[in-house]
Amino acid sequence: MAVGFFGLALFLTFSFDHGSSSSAASSSPSSSQNVEVTYGTVLKLMHEKTKFRLHSHDVPYGSGSGQQSVTGFPNVDDSNSYWIVRPTPDTSAKQGDTISNGAIIRLQHMRTRKWLHSHLHASPISGNLEVSCFGGETESDTGDYWRLIIEGSGKTWKQDQRIRLQHVDTSGYLHSHDKKYSRIAGGQQEVCGVREKRADNVWLAAEGVYLPITEGK
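Rules behind the numbers
Residues numbered from 1 in each chain as written. Predicted model: local features only at pLDDT ≥ 70, side-chain atom pairs only at ≥ 80, totals over all residues. Heavy atoms only, no water. Core = buried A, V, L, I, M, F, W, Y, C linked by side-chain atoms within 4.5 Å. Buried < 20%, exposed > 50% of the residue type's maximum accessible area, 1.4 Å probe, protein only. Helix = DSSP H or I, 4+ residues; strand = E, 2+ residues; numbered from the N terminus. Contact = heavy atoms within 4.5 Å. Salt bridge = Lys/Arg side-chain N within 4 Å of Asp/Glu carboxyl O. Polar contact = N/O pair within 3.5 Å; in protein donor to acceptor, adjacent residues only side chain to side chain. Pairing = 2+ DSSP bridges. pLDDT = per-residue confidence, 0-100.

1. As for the nonpolar core
Side chains of a nonpolar character, in soluble globular proteins, are inclined to be buried together.
Here's step 1: The biggest cluster of nonpolar side chains holds 28 residues, and the ones touching the most others in it are I105 and W157.
Here's step 2: When residues of this core are traced back to their parent elements, those giving at least two are β2 (42–47), β5 (83–87), β6 (104–109), β8 (129–134), β9 (146–150), β10 (163–167) and β13 (203–210).
Here's step 3: Each residue touching W157, except ones within four places of it in the same chain, is listed here: V35, E36, V37, L43, L45, V85, I99, I105, L148, I150, I163 and A205.

Set out below in structure tokens:
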């Protein structure tokens, strides 16, 4: 795990603007109290109910949109489960800024550089809203926009807070459940969108490299 965090720290050094002299801090669920999630942070999202991590890989769906598939992954130590927290391009938010309850964010898959995306295509197993990865560094649209909803009284996103992500275009909540794929992604579970608040659409920020809050804001 320490090697993985070191690699992520190097990734941050060469991939992001150098707006702060402070160093990034690696974190895991066991050391999550009061750790802020800021723009530029690289993290894994853990599904609260099943403990699977939000995951993607360069494998397209065989139905629906045919875009890059998104699943829930059972193992902690997989680099395809890292996501970069990004603002939308029409805001003044920058690396190191805190993220307020209700903010519209994007999640960029670290390995493939595509965006967490949703639309009206049916998901492969349950027939809910499909969640995929789409676009790239210079290609993004409102299908990549997710509203951060913090459960409880928190005003800014911290690692130990329970959250929901609601898709802006479809109003679907990022959702997973124990319905699993049997072939190409055997053992991985479906990730989809549903329009109702349920226990199965709560997530927690887990392992990652958490960038410090930008000083002198």
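Continuing now.
2. Observations concerning the pattern of salt bridges
Here's step 1: Summed over the entire model, instances satisfying the criterion amount to eight salt bridges.
Here's step 2: Residue E36 pairs with K158 through a salt bridge whose shortest N-O separation is 3.2 Å. On the criterion of sequence distance, the pair formed by E36 in the loop between β1 (25–27) and β2 and K158 in the loop between β9 and β10 is long-range, its members being 122 residues apart.
Here's step 3: For E196, the salt bridge identified is with R198, shortest N-O distance 2.9 Å.
Here's step 4: For E196, a relative accessible area of 41% translates into the label partly exposed.

3. Things to note about the side chain of H119
Here's step 1: Mapped onto the secondary structure, H119 falls in strand β7 (residues 115–122).
Here's step 2: Reaching out from H119, the side chain makes a polar contact with the side chain of H117 at a distance of 3.4 Å.
Here's step 3: A distance of 2.6 Å separates a polar atom in the side chain of H119 from a polar atom in the side chain of E130.
Here's step 4: When neighbours within four sequence positions are excluded, H119 is seen to be in contact with S65, Q67, L129, E130, S132, H167 and T170.

4. So, the environment of Q67
Here's step 1: Locating Q67 in the fold gives a position in the loop between β3 (53–60) and β4 (68–73).
Here's step 2: You can call Q67 buried: its relative accessible area is 18%.
Here's step 3: Distance from Q67 to C133, taken between C-alpha atoms, is 6.5 Å for residues 66 residues apart in sequence.
Here's step 4: Aside from chain neighbours lying at most four places away, what touches Q67 is V59, P60, Y61, H117, H119, S132, C133 and F134.

5. Concerning the pairing of strand β12 (residues 189–194)
Here's step 1: Of all six residues in β12, six are buried; the element is thus mostly enclosed.
Here's step 2: Here two bridges tie β4 to β12, and the two strands are oriented antiparallel to one another. What sits directly across from G72, in β12, is Q189.
Here's step 3: Bridge analysis of strand β11 (residues 173–180) against β12 gives five bridges, and the strand direction is antiparallel. Each residue of the ladder has a partner; that of Y173, found in β12, is V194.

6. Let's talk about the side chain of N201
Here's step 1: Mapped onto the elements of the fold, N201 is located in the loop between β12 and β13.
Here's step 2: Here the side chain of N201 touches E196 through a polar contact of 2.9 Å, landing on its backbone oxygen.
Here's step 3: Apart from the residues lying within four places of it in its own chain, the contact partners of N201 are H47, I163, R164, Y173, L174, H175, V194 and E196.

7. With respect to the confidence of the model for the protein
Here's step 1: Across the protein, the average pLDDT comes to 88, with 83% of residues at or above 70.
Here's step 2: A low-confidence stretch, residues 1–6 stays under pLDDT 50, and its non-local contacts, those more than four residues away or across chains, total eight contacts.
Here's step 3: Taken together, the stretch residues 9–22 has pLDDT below 50 and engages in 22 contacts with residues farther than four places along the chain or on a different chain.

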